[in-house]
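# Remarks on the overall topology
The residues making up each chain are set out below.
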2 protein chains.
Amino acid sequence: MNQTIETILDHRSIRSFTDQPLTKEEIRLLVESAQGASTSSYIQAYSIIGVTEQSKKRKLAALAGDQPYVEKNGHLFVFCIDLFRHHKIAREKGEDIQASLEGTEIFMVGLIDAALAAQNMAVAAESMGLGICYIGGIRNNLEKVCELLETPEYVLPLFGLVVGHPANRSAKKPRLPLEHVYHENTYSLDQEDFHKALTDYDKTISSYYENRTNGKRTDQWTEQITRHLKQSQRTYLNQFVKEKGFNKS
Amino acid sequence: MNQTIETILDHRSIRSFTDQPLTKEEIRLLVESAQGASTSSYIQAYSIIGVTEQSKKRKLAALAGDQPYVEKNGHLFVFCIDLFRHHKIAREKGEDIQASLEGTEIFMVGLIDAALAAQNMAVAAESMGLGICYIGGIRNNLEKVCELLETPEYVLPLFGLVVGHPANRSAKKPRLPLEHVYHENTYSLDQEDFHKALTDYDKTISSYYENRTNGKRTDQWTEQITRHLKQSQRTYLNQFVKEKGFNKS
């Protein structure tokens with residue numbers, strides 16, 4: 001196993017950082033790493049906004065559900081789907097690309113492009129000994145996030161990525177059994193395998209939480225995700241995404 | 001610069017592979033690498049289908065626009081957004097999570113989860129000296145792809161990832177100027193910077209194609225993406241995604 005794969009397999013989210021900011025060179029290298037990822041039909045449908053102003057970071061931390069590590073970290077990146085430049089370029093050439101920009105396909109492309117770029121950045125950061133954590137919480141209130149970052153039409157922030165020097169190293173969280181996630185040739189619907197794998201996994205996760213919390217928490221995965229998905233999931237997004245120009249048709 | 005970042009910055013899509021299949025151990029390591037990626041709220045909303053049957057690969061290659069490397073490669077992975085298991089678990093627990101599954105938020109989460117996992121796999125593969133190429137072309141006809149892979153409700157194939165031993169090494173494709181993609185604190189709308197950066201980039205891309213094609217092609221980036229986005233972009237997806245249970249509200 002090489003160093004890169006060791007880094008990848010050793011990933012854990014870090015939620016506590018020292019005050020040491022990333023250097024300009026580190027930030028540049030991380031953004032270049034992000035840009036190195038594949039991009040659908042070369043359209044490069046994303047932008048990254050680095051947030052350094054402390055007051056903005058504090059506001060974003062509050063919006064994302066009072067997560068202190070959104071404020072205190074080495075650097076906060078916000079990944080956005082971005083078709084603003086494509087829109088502007090086409091308009092200046094007198095061409096109409098409106099139908100494409102509003103379609104489900106481009107929404108999917110932009111989300112995938114942004115996520116591929118972000119994961120390159122995450123792996124690059126971890127290979128440098130830095131810690132990372134994705135911040136889906138910014139989707140709690142994208143209207144405020146857009147105002148704060150002054151994003152134009154056809155730009156939609158998707159998630160944050162905090163990077164920094166770890167103050168605390170968390171434990172690695174066990175993933176679903178490989179056989180549950182990886183199928184060959186057809187999607188396997190074997191009921192017995194399905195339940196066996198989940199029962200084992202629930203035990204693993206229960207012990208994981210028990211060890212980590214000195215017995216205070218013993219959630220199973222199936223309970224946890226059912227509880228999570230029973231809650232309302234940012235239902236304003238359906239409308240808001242459309243207001244920004246995406247996912248309309 | 002460490003080895004991992006060198007690998008990331010040296011990425012290029014490979015579209016020609018030898019016949020040598022990946023070993024079972026390589027496939028396992030790649031899937032484990034994919035699983036190592038961050039996942040939103042631990043929901044792990046994706047599955048990966050490896051395709052080894054030659055007749056299926058041939059059909060997928062045809063569906064994806066007759067791309068020979070979809071058929072001839074070391075291994076073909078298809079990444080899917082997958083909430084089928086969550087749906088099944090909740091139903092067995094007598095809980096209703098329908099509203100969440102149908103929402104825009106979960107559609108975004110699943111796309112991001114799948115893409116983070118895929119990019120981990122891509123980087124891991126390249127670190128092993130293998131080549132990769134994403135196959136967005138499977139979205140040309142997802143109905144047929146779903147039939148072929150026998151995916152249930154709440155599973156939607158998103159893209160393929162071919163991995164293999166490179167037969168030909170392509171050139172690295174230049175990305176947008178970093179300053180165009182990376183902003184600080186607010187999204188920069190400076191008109192002069194915008195045009196200057198794009199004019200320079202167009203020249204870079206034009207030379208890139210000229211060199212690669214012995215002068216036959218001299219496209220600029222802005223022309224290329226405008227031409228691309230003027231075309232209709234898989235407009236059936238809006239409806240089809242909903243039929244699979246996603247992005248409805």
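Residues numbered from 1 in each chain as written. Chains lettered and ligands numbered in written order. Predicted model: local features only at pLDDT ≥ 70, side-chain atom pairs only at ≥ 80, totals over all residues. Heavy atoms only, no water.

Our working definition: UniProt positions are given in the numbering used here, feature names are shortened, and annotations may be inferred rather than shown by experiment.
In the annotation of an unreviewed UniProt entry, chain A is listed under the name Oxygen-insensitive NADPH nitroreductase and assigned to Bacillus changyiensis. According to its UniProt record, chain A has this under Sequence similarities (unreviewed entry): "Belongs to the flavin oxidoreductase frp family."

### Quick word on the overall build of chain A
For the record, the criterion: Runs of E in the DSSP output that reach at least two residues are strands. Runs of H or I that reach at least four are helices, and both are numbered from the N terminus. C-alpha atoms define the radius of gyration in this analysis, and the globule rule sets the expected value at 2.2 Å times the number of residues to the power 0.38. For every residue, the accessible area (1.4 Å probe, protein chains only) is compared with the maximum for its type, and the residue is labelled buried under 20%, exposed over 50%, or partly exposed between those bounds. Contacts are residue-level and defined by heavy atoms, with any inter-residue pair within 4.5 Å sufficient. Per-residue and other accessible areas follow the Shrake-Rupley method at a 1.4 Å probe size, with only the shown protein chains counted as cover for residues. Positive charges are assigned to Lys and Arg, negative charges to Asp and Glu, while His and the chain termini are left out of the count. Every charge is mapped to an atom, namely NZ of Lys, CZ of Arg, CG of Asp or CD of Glu.
Looking only at helices and strands, chain A features 12 helices and 5 strands. Relative to the compact-globule value of 18 Å for 249 residues, chain A shows a C-alpha radius of gyration of 20 Å, a close match. By its C-alpha atoms, chain A is 60 × 45 × 40 Å across when sized along the principal axes. Within chain A, the fraction of its 249 residues that count as buried is 61%. Contacts in chain A between residues far apart in sequence, at least 24 positions, make up 79% of those at least 6 positions apart. In the structure as shown, chain A presents an accessible area of about 9800 Å², 45% of it carried by carbon and sulfur atoms. Taken together, the 30 basic and 32 acidic charged side chains of chain A have centroids lying 6 Å from each other.

### Here's the deal with the sheet that holds strand 2 (residues 75-82) of chain B
What counts, and what does not: For two strands to count as paired, DSSP must find a minimum of two bridges between them. Lines fitted to C-alpha atoms define the axes, with helix axes restricted to the stretch in contact, and inter-axis angles between N-to-C directions lie between 0 and 180 degrees.
As summarised here, the arrangement of the 5 strands in space is 5(A)-1(B)-2(B)-4(B)-3(B), forming an open sheet in which the pairing is mixed. Strand pairing shows two members of the sheet lacking a second neighbour, strand 5 (182-184) of chain A together with strand 3 (131-135) of chain B, which therefore form its edges. Sheet twist, expressed as the mean angle between neighbouring strand axes with direction ignored, is 25°. For strand 5 of chain A and strand 1 (residues 46-51) of chain B, the ladder comprises 3 bridges, and the chain directions are parallel. Each bridged residue has a counterpart across the sheet, and for A:Tyr182 the counterpart in strand 1 of chain B is B:Ile48. Helix 5 (residues 84-92) of chain B rests against strand 1, strand 2 and strand 4 (155-164) of chain B of the sheet, and its axis sits at about 45° to strand 2 of chain B.

### Things to note about the sheet that holds strand 3 (residues 131-135) of chain A
The strand order 3(A)-4(A)-2(A)-1(A)-5(B) describes an open sheet built from 5 strands, whose pairing is mixed. Edge positions in the sheet fall to strand 3 of chain A together with strand 5 (182-184) of chain B, since each of these pairs with one other strand and no more. The sheet shows a mean angle of 25° between the axes of neighbouring strands, taken without regard to direction.

### What about helix 7 (residues 104-127) of chain A?
Residues and elements named next belong to chain A. Note the cut-off: Here the expected span of a helix is defined as 1.5 Å times the quantity of residues minus one.
Here helix 7 spans 35 Å end to end across 24 residues, near enough to the 34 Å set by a 1.5 Å rise per residue. Along helix 7, 24 of the 24 residues are buried, which leaves the element largely enclosed by surrounding structure. Positive backbone phi, approximately 85°, marks Gly129, located one or two places after helix 7.

### Let's talk about the packing of helix 2 (residues 24-35) of chain B against helix 7 (residues 104-127) of chain B
Residues and elements named next belong to chain B. Convention followed: Here roughly perpendicular refers to angles of 65 to 115 degrees, roughly parallel to angles under 35, roughly antiparallel to angles over 145, and oblique to all remaining angles. For any helix crossing, the convention is left-handed if the near helix is rotated counterclockwise from the far helix by under a right angle, and right-handed if that rotation is clockwise. Just so you know the grouping, Ala, Val, Leu, Ile, Met, Phe, Trp, Tyr, Cys and Pro go in nonpolar, Asp, Glu, Lys and Arg go in charged, and all remaining residues, Gly too, go in polar.
Helix 7 packs onto helix 2 with a crossing angle of 135° between their chain directions and a minimal axis gap of 7 Å. Relative to helix 7, helix 2 is oriented oblique. Of the two elements, helix 2 crosses helix 7, and the hand of that crossing is right-handed. The residues of helix 7 that touch helix 2, namely those facing Leu30, Val31, Ser33 and Ala34, are Ala117, Asn120, Met121, Ala124 and Ala125. Across the contact of helix 2 with helix 7, the residue classes tally to 7 nonpolar, 2 polar and no charged.

### A closer look at unusual backbone geometry
Positive phi, normally seen in glycine, also occurs at A:Gln44, with a value near 50°. Checked against the element boundaries, A:Gln44 lands in the loop between helix 2 (24-35) and strand 1 (46-51). Using a relative accessible area of 1% as the deciding quantity, one classes A:Gln44 as buried. In this structure, B:Asn214 is a non-glycine residue whose phi angle is positive, near 50°. By the element assignment, B:Asn214 lies in the loop between helix 10 (191-212) and helix 11 (221-230). Looking at B:Asn214, the relative accessible area reads 74%, which means it is exposed.

### Examining the environment of A:Asp96
Worth spelling out the cut-off: Polar contacts, as used here, are pairs of N or O atoms within 3.5 Å; protein pairs need one atom able to donate a hydrogen and one able to accept it. Residues neighboring in sequence count only if both atoms are side-chain atoms.
Tracing the backbone through its elements, the reader meets A:Asp96 in the loop between helix 5 (84-92) and helix 6 (98-102). A polar contact is formed between the side chain of A:Asp96 and the backbone nitrogen of A:Gln98, at a distance of 3.0 Å.

### Structural notes on the nonpolar core
We count it as follows: What makes a nonpolar core is a set of buried Ala, Val, Leu, Ile, Met, Phe, Trp, Tyr and Cys residues whose side-chain atoms join them at distances within 4.5 Å.
In terms of nonpolar packing, the biggest core is built from 179 residues, with A:Ile48, A:Phe77, A:Leu156, B:Ile48, B:Phe77 and B:Leu156 touching the most fellow members. With residues near it in sequence (within four places) discarded, A:Leu156 still touches A:Phe79, A:Cys80, A:Ile81, A:Phe107, A:Leu142, A:Phe240, A:Val241, A:Lys244, A:Phe246 and B:Met108.

### So, the relation of the copies chain A and chain B
For clarity, the threshold we go by: What sets the superposition is a least-squares fit of C-alpha atoms, and only residues with pLDDT of at least 70 in both copies go into it.
Mapping chain A onto chain B calls for a screw motion: a turn of 180° about the axis and a shift of 0.0 Å along it, with 0.0 Å RMSD after fitting. Taken together, the turn and the small shift mark the pair as related by a two-fold rotation axis. Most of the interface of chain A is mirrored in chain B, where 100% of its interface residues again form contacts.

### So, helix 5 of chain A
Residues and elements named next belong to chain A. Summarising burial for helix 5: 7 of the 9 residues are buried, a large majority. All buried positions along helix 5 are accounted for by Phe84, Arg85, His86, His87, Lys88, Ile89 and Ala90. Within two residues after helix 5, Gly94 carries a phi angle of roughly 70°, on the positive side.

### Some points on the domain arrangement of chain A
Note the cut-off: Residue ranges labeled as domains rest on an automatic or database domain assignment.
Along its sequence, chain A is carved into domain 1 (3-171 + 233-243) and domain 2 (178-218). If you average the C-alpha positions of domain 1 of chain A and of domain 2 of chain A, the two centres end up 30 Å apart.

### A word on the pairing of strand 2 of chain B
Residue and element names in this part refer to chain B. For strand 2, a buried count of 8 out of 8 residues is recorded, marking the element as mostly surrounded by other parts of the structure. The alternating pattern of strand 2 places His75, Phe77, Phe79 and Ile81 and Leu76, Val78, Cys80 and Asp82 on opposite faces, both of which are buried. Note that strand 1 and strand 2 share 6 bridges and pair antiparallel. What sits directly across from Ile48, in strand 2, is Phe79.

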